[in-house]
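The primary structure of each chain is shown beneath.
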Amino acid sequence: MFRRSLAILLIVMTALFFTGVSVLAEAPADGPQTWSVAVGNGNDAAGASIDMFFPGTTYVHEGDTVAFSNGGNYPHTVTFLGDKTIGEVMSDPNFNLAAPTAPSGEVYNGQFLSSGFLFPGAPGTYNITFTNSGAYVYLCLIHSNMKGTIVVLPKGTAIPSKEEQSATAHQEEAVLQVEASAEPHDAVYTANKDGSLTYNVELGTPSASMNVMRMVPDVVVVSEGDSVTWTNVNPYEPHMVTFNKPDNVDVVGDQGVNPAYMGPVGSAIFDGKGIRHSGMMMQNQTYTLKFTKTGTYVYECYMHSFMMMKGTVIVVPKASVKLTVNGKAIIGTAAKAQWINGNLLVAADSFAKAFGGKAVWDKKARLWVVTANGKTIKAAAYVLKGTPYVSAEAVVRAIGGSYAWNETTRTFTATAHKVTATPKGSDMPGMSHS
Ligand SMILES: [Cu+2]
C-alpha cells in the first residue's frame, strides 16, 4: 500500500509541477466534495470544437464525485476503459456509444464505464463517485485524442483547491481558444507545367486538440485554368468538399454519410455546372478540381453544415488582377483593377469600401476624396475611357498601409495599418495633380 501511495504521490507531484500549480490548499473539511470537469469547449466564431477535458487532470479525495458536463458545441463521451481496449469496445456489437453503461452517480472501481453521448447544453451533469485511490485515465470515444485523468487520493491528503483547479481549467481553455481563433493563412500555391497554378486549401487545422470546422483560407481567388487541391489536415475529423449539391440529395443524413457520397462524385474539371464531390476525406487525403470558367462558386462540407463549414472559389479571367485587402479577397474585376504604365489603377469607391471606407468624387477639384483607416485623403484621378480611377499604391500609402504585388498569382495585397491618431482631412498635396 505504501509503495502505491508513493507512486501516486510522485504522479501528483509531477503533474503539479508541470501544470504550474504551486500552492497546495489544505484538504477541505470532512464530507465528500463534488468537482466539475468541462467536457470540451467551443468557439463558434472560429468554427471550432475544442476537444479536450478541462482541467486535463482533476484531483479528488476518496469518496468525492466528479460532475462532467459538456462545455462545447459537439457531443462527447466520458469513458473509462477499465481493462478493455478502444478496439474491443467499438467492435462489440452490444455496445451502444450513445447510451450510458451505468446511470449518472455510479461508483467507479476500475471497471469499464461510459457516459454515452453528453450533448452540448444538455441539462444536468454525468456524475461518477471515486472511492479508491489511483490515477484513472478516461477518454472520449468520438475523439480518442481527448483524454483526461482523475487522480484520487486518500482523505486528508493535500490537493489543489476548487479555485485552483478551476483556474487551471480556464488557463488550459484559454490557450486553446487562442489557437482556435488564430488568423487563417493565405492559400499556398504551386506552379504546374502548363503555367497554371494549383492552390492548396486546408480542411480544418492540424491540431490534435481541436476540430476547426473551416476551410483555410475560406475564400480563394484563382484564374481560369487553375486548380484547387483540398487537404484534410486534421488528425481525427473527416471533412468533405461539395459543389452544386442537388436539393433533393442528402449527402449526410440522420444515418450518417449517404453511401452514394462516401467516394468522389463528378469529374476533376469544373465549369460551374453539375455536382462535384470529394467523398469523405480523412487526414492527408486530398481532392483536386480544375476550374475552367469565370464565376463565384460556394462549396460546403456537409458533415459540418451545422458549423457553417463553407468556402468560396472565385474564378477570374486569366490575365485579370486579384486584390486582397486587409486579408480578404475582393473581386479584382469588380474593382476594375488594371495595370496602366506601371500603375495599378482601381475603382476608388470599391477599393475604399474594401478598407471599410468610402470615396467621394470631388467634381470641381477632379479628385477622389477617400475616407478609410481613420483618414481622409485626396487622391489624384486617372481617367480611363471617361472613368476616374485611383492608384492603388498611392491610396494605400496615404491611408497608412503596406502593399505587395505577386506577379505569379497576379495578386495585389494591401493591408491598412492600425492608426492611433486620426488626423482629420489631412491633405496629401503630393497626391494631387492640381
Ligand atoms: Cu467538415
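Reading the values: the criteria
- Every chain is numbered independently, its residues counted from 1 as its sequence is written.
- Two thresholds apply to this predicted model, a pLDDT of at least 70 for residue-level local features and 80 or more for giving and counting side-chain atom pairs, whereas whole-chain, interface and lining totals are computed over all residues.
- Calculated side-chain values reflect all of the structure's heavy atoms, with hydrogen atoms and water omitted.
- Only DSSP runs of H or I covering at least 4 residues are called helices, and only runs of E covering at least 2 are called strands; the numbering of each starts at the N terminus.
- Contact criterion: two residues are considered in contact whenever any of their non-hydrogen atoms come within 4.5 Å of each other.
- In these tables, accessible area is a Shrake-Rupley quantity obtained with a 1.4 Å probe, and a residue counts as shielded only by the protein chains included in the view.
- A helix's residues, less one, multiplied by 1.5 Å, set its expected span.
- Each residue is assigned to one of three classes by its accessible area relative to the maximum for its type, calculated with a 1.4 Å probe on protein chains only: buried under 20%, partly exposed between the two thresholds, exposed over 50%.
- In plain words, nonpolar cores are sets of buried Ala, Val, Leu, Ile, Met, Phe, Trp, Tyr and Cys residues tied together by side-chain atoms within 4.5 Å.
- Distances up to 2.8 Å from the metal define which N, O and S atoms are donors, and 3.2 Å serves for Na, K and Ca; water is absent from the atom set, so sites may look incomplete.
- In these descriptions, tetrahedral denotes four donors with every angle between 85 and 135 degrees, square planar four donors and octahedral six donors with opposite donors over 155 degrees apart and the rest between 65 and 115, and irregular any other case.
- Note on aromatic pairs: the rings of Phe, Tyr and Trp (six-membered ring only in Trp) are paired at centre separations within 6.5 Å, and the planes decide the class, stacked below 30 degrees, edge-to-face beyond 60, tilted for the rest.
- Over a ring means this: the NZ of a Lys or the CZ of an Arg is within 6 Å of the ring centre and within 35 degrees of the ring normal.
- Any two strands between which DSSP finds at least two bridges are classified as paired.
- Axes here mean lines fitted to C-alpha atoms, for a helix over just the part in contact, with angles spanning 0 to 180 degrees between N-to-C directions.
- When a carboxyl oxygen of Asp or Glu is within 4 Å of a side-chain nitrogen of Lys or Arg, the pair counts as a salt bridge.
- Counting of polar contacts relies on pairs of N or O atoms within 3.5 Å, with two restrictions inside protein: one atom must be capable of donating a hydrogen and the other of accepting it, and residues adjacent in sequence are counted only when both atoms are side-chain atoms.

A. Expanded view of the overall build of the chain. Within the chain, the secondary structure is distributed over five helices and 35 strands. Partitioning the contacts of the chain with sequence separation of at least 6, the portion at a separation of at least 24 is 64%. Total accessible area on the chain is roughly 21000 Å²; 56% of this is exposed by carbon and sulfur atoms.

B. Broad picture of helix α3 (residues 162–180). A rise of 1.5 Å per residue sets the reference length of α3, with its 19 residues, at 27 Å; its end C-alpha atoms lie 27 Å apart and thus fit the reference within 8%. Among all positions in α3, only E164, Q165, T168, A169, E173, L176 and A180 are buried.

C. Broad picture of the nonpolar core. Residues W230, F243, F291 and V313 are the most contacted members of the largest nonpolar core, which totals 33 residues. Elements with a minimum of two residues in this core: β12 (197–203), β15 (219–223), β16 (227–232), β22 (286–291), β23 (295–300) and β24 (310–316). Ranked by the residues each element gives to this core, the list is headed by β12, at four residues. Sequence-distant contacts of V313, that is, excluding residues within four places in its chain, are made with V220, V222, V228, W230, F243, F291, G295, T296, Y297 and Y299. Within the second largest apolar cluster, 27 residues are counted, among which are L323, F355, A392 and F412.

D. Layout of unusual backbone geometry. Following F54, the chain continues to P55 via a peptide bond in cis, the omega torsion being -5°. Inspection of the secondary structure assignment puts P55 in the loop between β2 (48–54) and β3 (57–61). Here the bond from V216 into P217 is cis, since omega is -5°, no more than 30 degrees from zero. Looking at where P217 falls in the secondary structure, it is placed in the loop between β14 (215–216) and β15. Backbone geometry at N326 places phi at a positive 50°, although glycine is not the residue there. Relative to the assigned elements, N326 resides in the loop between β25 (322–325) and β26 (328–330). By relative accessible area, which is 37% here, N326 ends up partly exposed. For N341, which is not glycine, the phi torsion reads 50° and is therefore positive. You can see N341 is positioned in the loop between β27 (338–340) and β28 (343–346).

E. Highlighting the environment of V39. In this structure, V39 sits in strand β1 (residues 34–43). Each C-alpha atom of the pair V39 and Y74 lies 9.6 Å from the other, and the pair is 35 residues apart in sequence. Not counting residues up to four positions away in its chain, the partners in contact with V39 are M52, F53, F68, S69, N70, G71, G72, H76, V78, L118 and M146.

F. The coordination of the copper ion, seen in detail. Only H239 (ND1), C301 (SG), H304 (ND1) and M309 (SD) from the protein reach the copper ion as donors, at distances of 2.0 to 2.6 Å. The site at the copper ion holds four donor atoms, and with the angles between them running 92 to 134°, its shape is tetrahedral. Along the chain, the residues donating to the copper ion are arranged with the sequence spacing H-x61-C-x2-H-x4-M. Like C301, the residue M309 is buried in the burial classification.

G. Main features of the packing of aromatic side chains. Inspection of the entire model under this criterion finds 26 aromatic pairs. Note on F130 and Y136: the rings are 6.0 Å apart at their centroids and 25° apart in plane angle, and the pair reads as stacked. The same class applies to F130 as to Y136, namely buried. The cationic tip of K162 hangs over the ring face of W35; the distance from NZ or CZ to the ring centre is 5.5 Å.

H. Quick look at the sheet that holds strand β31 (residues 375–380). If you trace the three strands from one edge of the open sheet to the other, you get β29-β30-β31, paired in antiparallel fashion. One side of each edge strand has no neighbouring strand; the edge strands of this open sheet are β29 (358–362) and β31. When the angles between neighbouring strand axes are averaged without regard to direction, this sheet yields 25°. Here five bridges tie β29 to strand β30 (residues 367–372), and the two strands are oriented antiparallel to one another. Note on β30: the bridge partner recorded for W361 is W368. Sitting on the sheet, helix α5 (residues 392–399) is in contact with β30 and β31, with an inclination near 155° to β31.

I. Up close: the sheet that holds strand β4 (residues 65–70). Spatial ordering of the open sheet is given by β6-β8-β4-β1-β2-β13, a layout of six strands whose pairing is mixed. Taken across any chain shown, the strands that pair with only one partner, and hence form the sheet edges, are β6 (106–108) and β13 (210–212). Put simply, the sheet's adjacent strands are angled 25° from each other on average, direction ignored. Where β2 and β13 come together, three bridges link them in antiparallel fashion. Residue pairing in the sheet places S49 in a bridge with N211 of β13.

J. A look at the pattern of salt bridges. For the coordinates displayed, the defined rule picks out three salt bridges. Put simply, K290 and D194 hold a salt bridge, and the shortest N to O gap is 3.7 Å. With K290 in strand β22 and D194 in the loop between β11 (188–191) and β12, this residue pair connects regions lying 96 residues apart in the sequence. In this structure K290 comes out as partly exposed when scored by relative accessible area, which is 26%. Given a relative accessible area of 55%, D194 falls into the exposed group. A salt bridge links R410 to E407; the shortest N-O distance between them is 3.7 Å. Residue E407 is classed as exposed on the basis of its relative accessible area of 53%.

K. Spotlight on the side chain of H304. Looking at where H304 falls in the secondary structure, it is placed in the loop between β23 and β24. By relative accessible area, which is 1% here, H304 ends up buried. Of the polar contacts made by the side chain of H304, one reaches the side chain of E237; its length is 2.7 Å. Once residues within four sequence positions are removed from consideration, H304 is found in contact with Y74, N211, M213, E237, P238, H239 and M309.

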